[in-house]
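Architecture and fold: a report
The chain contents come next:
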Amino acid sequence: MNQAIFESAFRQYREGNLSEAERLCHDLLANDPCHAQGLCLQGIIARRNGQNADAIQFITRALEKEPANPNFWNSLGLAVEGLGHRQEAIGLYKQGLQFQNNHAELLGNLASSLAKQGLANEAETYFLRGLANGNAPAPELYTNYGNFLISQGQPEDAIHQYRKATQADRKYWLAYFNWGNACFQSGEYEQAIHQLEKTIQLNPGFEQAYFYLAQAYKQIGMAEKEIGSYERLATYNPRSVFAWSKMGIWYEARGHITQATSLYQKIAEFEPEQFVWQLRAASLMPMIPASAPEIEQARTRLADALQQYKDPTFRLDLRKAFEARCQPPAVMSYQGLDDKEIKSQFADWLVEKLGIDTRKIPAKPLENRKIKIGFLVTENHERIFNRVMGGYIRHLDRTRFQVEVICPESRMTGIQHLFSDVDDLAFIPLPSDISQCVSTLKQTNLDVLFFFEVGTDVKNYLLSLYRFAPVQCTSWGYPTTSGSPNMDYYISSRLIETPDAAKHYRERLVLLDSLPTYYTAPAVPENYKTRASLNLPEQAHLYVCPQTLLKFHPDFDALLSRILTEDPQGHLVLVEGLYPAWTDALKARFNKTLYTFQSRIHFLPQLQYEDYLALLKNADVLLDTPHFGGGITTYETMALGVLVVTLPGEYMRARYTAGCYQKMGINDCIATSHDEYVSLAIQIASNQTFRQEISEKILAQKHLLFEDINVIREMEETLAQLVDEASR
């Protein structure tokens with residue numbers, strides 16, 4: 001009878017019904033606590049549920065009964081690796097191979113782990129050894145080898161391996177999934193959809209297949225099919241947190257707050273940790289606010305929710321916090337208000353609920369050793385990371401610093417390519433699982449952990465709440481306080497901060513004399529598209545504001561209205577939002593605040609980089625957005641010698657353009673009031689002689705903004721001083 005229960009449990013597991021498989025395992029072990037296969041399967045299910053510590057206990061008990069079972073060693077290795085202990089897992093895989101040296105899954109998992117450690121040649125040796133054994137290789141081995149080839153930038157060869165896997169087992173859904181994923185990465189979206197649909201047909205409960213299916217539809221512009229992918233999953237499994245949350249994120253990103261709120265509240269109806277989803281719903285804020293009072297109402301709602309769920313009995317699992325994207329809304333930084341108090345409250349709430357230790361780690365004395373520094377970047381931020389932080393990574397003195405880049409495991413190859421010109425640079429892969437990220441970072445033994453950004457996504461935000469190094473800092477990558485009690489320093493510049501700026505940061509504010517980045521001058525094309533080719537009026541005064549529409553605070557509308565009123569030849573040029581809903585929301589607001597100027601407001605579609613530079617070059621003047629101005633855009637504009645009129649605000653995020661001007665010793669375009677902002681913009685746009693004179697100044701002085709080695713030397717001294725202080 002016990003064997004029949006086990007076979008039924010295993011069948012349910014293979015079909016993806018983990019809850020039923022777990023129930024059957026529980027019944028089996030109640031009858032026979034020493035059933036080795038049942039213990040191992042219970043461990044495998046625990047690992048699939050993210051409970052790797054429990055998995056290790058079950059599988060270890062199974063090994064006590066059958067110490068020569070290679071399948072058990074394989075499962076134990078996976079669970080140990082799930083905790084972030086990859087080197088230990090490699091040893092377990094090798095131990096299992098002592099009992100069966102041609103075990104396909106052991107060879108594949110060992111090879112995969114070696115590849116993730118950067119040992120590509122040794123990894124491929126084990127893959128080929130598995131594929132060369134006398135028996136027909138298991139589909140798992142073909143699939144793992146395909147995954148390895150993907151990591152090596154060989155998608156076509158990977159697809160060949162996935163095809164072999166499906167030939168070995170027509171029902172092996174994971175091969176179809178990875179095949180679809182490889183097609184997606186290669187831009188073959190129709191083929192990706194085909195393979196992902198096969199995956200869902202074979203395993204209709206596999207959530208990641210629906211995610212990549214949605215992403216493929218997104219890439220070909222089929223928004224209804226994109227959201228429809230998640231609706232299909234919710235129909236199949238009405239209690240799928242993944243499905244409902246992805247639908248919520250879809251609506252939230254487009255600014256449809258009512259729909260997103262309803263979806264998050266639905267999750268709260270059946271999730272044990274319902275308070276985190278209720279907080280998520282309360283955290284929603286408008287992407288394009290209709291008015292300043294709407295901003296105040298949204299922030300009050302969030303503050304009230306944090307008080308409501310302050311009950312000390314509430315506890316939260318890190319993975320649940322990650323799943324619920326539990327973080328302060330990123331759009332707060334565009335709202336022109338002090339974020340310190342509410343971000344600190346949010347961080348303290350999470351630190352308590354997650355049980356995070358806020359005690360400091362003492363630094364080791366610096367005598368006769370290098371400072372070990374890690375720069376951390378998360379998914380989808382790699383290219384901007386290279387532009388903003390690449391100078392430090394390339395030019396920190398290697399006689400004083402050991403430099404490492406901590407980056408997503410899934411993006412490792414691309415990031416290594418970005419920094420292929422750098423010697424003496426190590427890479428630490430971050431797993432996709434947030435708990436494994438914590439385990440990985442705790443083993444780095446860094447002196448300094450430098451967060452490129454904190455709060456641009458839930459992963460970099462949650463990781464900032466933990467203590468991994470004696471010195472933890474962040475900087476201009478995201479120009480606002482993290483609010484984290486474990487973030488020690490915010491490194492900024494005297495050029496972009498007010499004298500009393502420290503009050504806006506929870507971190508200790510460290511001010512450099514230089515601008516806080518070593519920025520490489522962008523390539524300047526010789527020729528540009530004309531206004532006519534960009535569908536812009538050729539004789540008008542073009543006031544261009546190419547910033548993301550998220551930066552268009554309601555306060556900006558009054559300034560735009562005055563400019564268009566006082567300059568009848570003025571035309572305002574903007575770039576459409578990432579989602580059509582953003583553009584629609586801003587147009588709806590403009591219909592109330594700028595309704596008399598609709599014929600003189602132009603929204604260009606999202607631009608390729610060459611067209612974006614052409615837009616800058618064709619502008620008579622660029623308008624810096626109040627409350628959150630330009631950063632990267634300012635560097636690109638200065639490289640072209642185009643003028644930006646700016647009005648420095650109270651917070652650093654509204655002062656960077658002015659800081660660039662001050663670095664060059666040019667103050668002509670810095671306004672000190674709303675009236676001066678309007679008059680300067682009109683003077684620049686309408687007076688070609690004045691405009692040309694300032695442009696020549698910028699072109700003569702722009703070298704001061706780019707590739708400034710002084711900031712590297714200053715950062716070296718600053719970091720050394722901070723580590724020295726932490727060692728005392």
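Up top is the structure.
A brief look at the structure comes next.

The next thing to look at is helix 15 (residues 241–253). A turn of α-helix holds 3.6 residues, and therefore any two residues three or four places apart point the same way. Spanning 13 residues, helix 15 covers 18 Å between terminal C-alpha atoms, matching the ideal 18 Å at 1.5 Å per step. Taken from the residues just after helix 15, G255 is the one with a positive phi, measuring 85 degrees.

Mapped onto the elements, R232 comes out in helix 14 (residues 223–236). With a relative accessible area of 36%, R232 lands in the partly exposed category. C-alpha separation for the pair R232 and Y210, spaced 22 residues apart in sequence, amounts to 8.3 Å. Setting aside its immediate chain neighbours within four residues, R232 contacts E197, I200, Y210 and L213.

Quick look at helix 26 (residues 580–593) now. Here helix 26 is 14 residues long and its end C-alpha atoms lie 20 Å apart, about the 20 Å a rise of 1.5 Å per residue gives. Residues of helix 26 that are buried include every one of A581, W582, T583, L586, R589 and F590, and no others.

Let's shift gears to the environment of E453. Within the secondary structure, E453 is located in the loop between strand 4 (448–451) and helix 24 (458–464). On the accessibility criterion, E453 (8% relative accessible area) is buried. Spatially, the C-alpha atoms of E453 and V331 are 14 Å apart, while their sequence positions differ by 122 residues. Discounting chain neighbours no more than four positions away, the residues touching E453 are H381, N460, T474, G477 and Y478. A polar atom in the side chain of E453 sits 3.2 Å from the side chain of H381.

What follows is about the environment of I563. Inspection of the secondary structure puts I563 in helix 25 (residues 554–566). A relative accessible area of 1% means that I563 is categorised as buried. Through-space distance from the C-alpha of I563 to that of V678 is 5.8 Å; in sequence the pair is 115 residues apart. Excluding anything up to four places from it in sequence, I563 contacts Y543, L623, Y677, V678, A681 and I682.

Let us now look at the packing of aromatic side chains. Describing an aromatic ring pair means giving the distance of the ring centres and the angle of the ring planes. On inspection of all chains with the given rule, the structure shows 39 aromatic pairs. Each ring, one from W173 and one from F206, has its centre 4.5 Å from the other, and the planes form 50 degrees; the classification is tilted. Note that W173 is positioned in helix 11 (residues 173–185) and F206 in the loop between helix 12 (189–202) and helix 13 (207–219), a separation of 33 residues in sequence. Of the two residues, W173 and F206, neither departs from the other in class, the shared state being buried. Plain terms: the ring middles of F346 and Y461 are 6.3 Å apart, the flat faces sit at 80 degrees to each other, and that makes the pair edge-to-face. Pair noted here: F346 is in helix 20 (residues 340–354) and Y461 is in helix 24, with a separation of 115 residues, a long-range link. Comparing F346 with Y461, the two get one shared label, buried. Each member of the aromatic cluster is reached from another via a ring pair, and the members are W173, F177, F184, Y189, F206, F211 and Y212. The ring of W250 carries the charged tip of R254 above its face, separated from the ring centre by 4.0 Å. For the cation-ring pair, K266 lies above W244, with the distance from its terminal atom to the ring centre recorded as 4.9 Å.

Covered by surrounding structure in strand 5 (residues 471–474) are V471 and C473 together with Q472 and T474, the residues of both alternating faces. Examined bridge by bridge, strand 4 and strand 5 share four bridges and lie parallel to one another. Note on strand 5: the bridge partner recorded for L449 is Q472. Between the parallel pair strand 4 and strand 5, the chain is carried across by helix 24, and the sense of this crossover is right-handed. Bridge count between strand 5 and strand 6 (residues 489–493): two bridges; the pairing is parallel. Among the inter-strand pairings, C473 is bridged to a residue of strand 6, identified as Y489.

Next up on the list: the packing of helix 3 (residues 36–48) against helix 4 (residues 52–65). Running from N to C, helix 3 and helix 4 point in directions that differ by 165 degrees, and their axes come no closer than 7 Å. In terms of axis orientation, helix 3 runs roughly antiparallel to helix 4. Where helix 3 crosses over helix 4, the handedness of that crossing is left-handed. When helix 3 is examined against helix 4, the residues A36, L39, C40, Q42, G43, I44, A46 and R47 are found in contact with a partner set consisting of N52, D54, A55, F58, I59, R61, A62 and K65.

It is worth spelling out the state of the cysteines at this point. Chemically, a disulfide is nothing more than a covalent bond linking the sulfur atoms of two cysteines. Counted according to the given criterion, the structure contains zero disulfides. With no disulfide of its own, C669 lies 12 Å from the sulfur of C660, the closest cysteine sulfur. A residue is classified by how much of its surface remains accessible, and C669, at 0% relative accessible area, is buried.

At R325, a position not held by glycine, the phi torsion is positive, near 50 degrees. Examined against the element boundaries, R325 turns out to sit in the loop between helix 19 (318–323) and helix 20. Here R325 falls in the partly exposed class, since its relative accessible area comes to 30%. Positive phi outside glycine occurs at E707, with the angle close to 50 degrees. By the secondary structure assignment, E707 is in the loop between helix 31 (688–701) and helix 32 (709–726).

The next point concerns the sheet that holds strand 5. The seven strands lie next to each other as 3-2-1-4-5-6-7, forming an open sheet whose pairing is parallel. The sheet terminates laterally at strand 3 (425–430) and strand 7 (508–512), the two strands that pair on one side only. For this sheet, the mean inter-axis angle between neighbouring strands, taken without regard to orientation, is 30 degrees. The pairing of strand 6 with strand 7 spans five bridges and is classified as parallel. Paired with Y490 across the strands is L509, a residue of strand 7. Sitting on the sheet, helix 32 is in contact with strand 1 (371–376), strand 2 (401–408), strand 4, strand 5, strand 6 and strand 7, with an inclination near 150 degrees to strand 7.

Quick look at the sheet that holds strand 11 (residues 621–623) now. As summarised here, the arrangement of the five strands in space is 10-9-8-11-12, forming an open sheet in which the pairing is parallel. Among the strands making up the open sheet, the edge pair consists of strand 10 (601–604) and strand 12 (644–645). In this structure, strand 9 (residues 570–575) lies alongside strand 10, joined through four bridges in parallel fashion. Directly across from V573, in strand 10, lies its bridge partner H602.

It is worth spelling out the pattern of salt bridges at this point. Under the criterion given, the structure shown has 38 salt bridges. The salt bridge involving K94 is made with E122; its shortest N-O contact spans 3.9 Å. Here the residue K94 occupies a position in helix 6 (residues 86–97), and E122 occupies one in helix 8 (residues 120–131), the gap between them amounting to 28 residues. Its salt-bridge partner being E636, residue R387 comes within 2.6 Å of it at the nearest N-O pair. Taken together, the positions of R387 in helix 21 (residues 382–395) and E636 in helix 28 (residues 632–640) put the pair 249 residues apart, joining distant regions of the chain.

Rules used in this analysis
Residues numbered from 1 in each chain as written. Predicted model: local features only at pLDDT ≥ 70, side-chain atom pairs only at ≥ 80, totals over all residues. Heavy atoms only, no water. Helix = DSSP H or I, 4+ residues; strand = E, 2+ residues; numbered from the N terminus. Expected span 1.5 Å × (residues − 1). Buried < 20%, exposed > 50% of the residue type's maximum accessible area, 1.4 Å probe, protein only. Contact = heavy atoms within 4.5 Å. Polar contact = N/O pair within 3.5 Å; in protein donor to acceptor, adjacent residues only side chain to side chain. Phe/Tyr/Trp six-rings, centres within 6.5 Å; stacked < 30°, edge-to-face > 60°. Lys NZ or Arg CZ within 6 Å of the ring centre and 35° of its normal. Pairing = 2+ DSSP bridges. Right-handed = clockwise from strand over helix to strand, strands pointing away. Axes fitted to C-alpha atoms, helices over the stretch in contact; angles between N-to-C directions. Parallel < 35°, antiparallel > 145°, perpendicular 65-115°, else oblique. Left-handed = near helix turned anticlockwise from the far one by under 90°. Disulfide = S-S within 2.5 Å. Salt bridge = Lys/Arg side-chain N within 4 Å of Asp/Glu carboxyl O.

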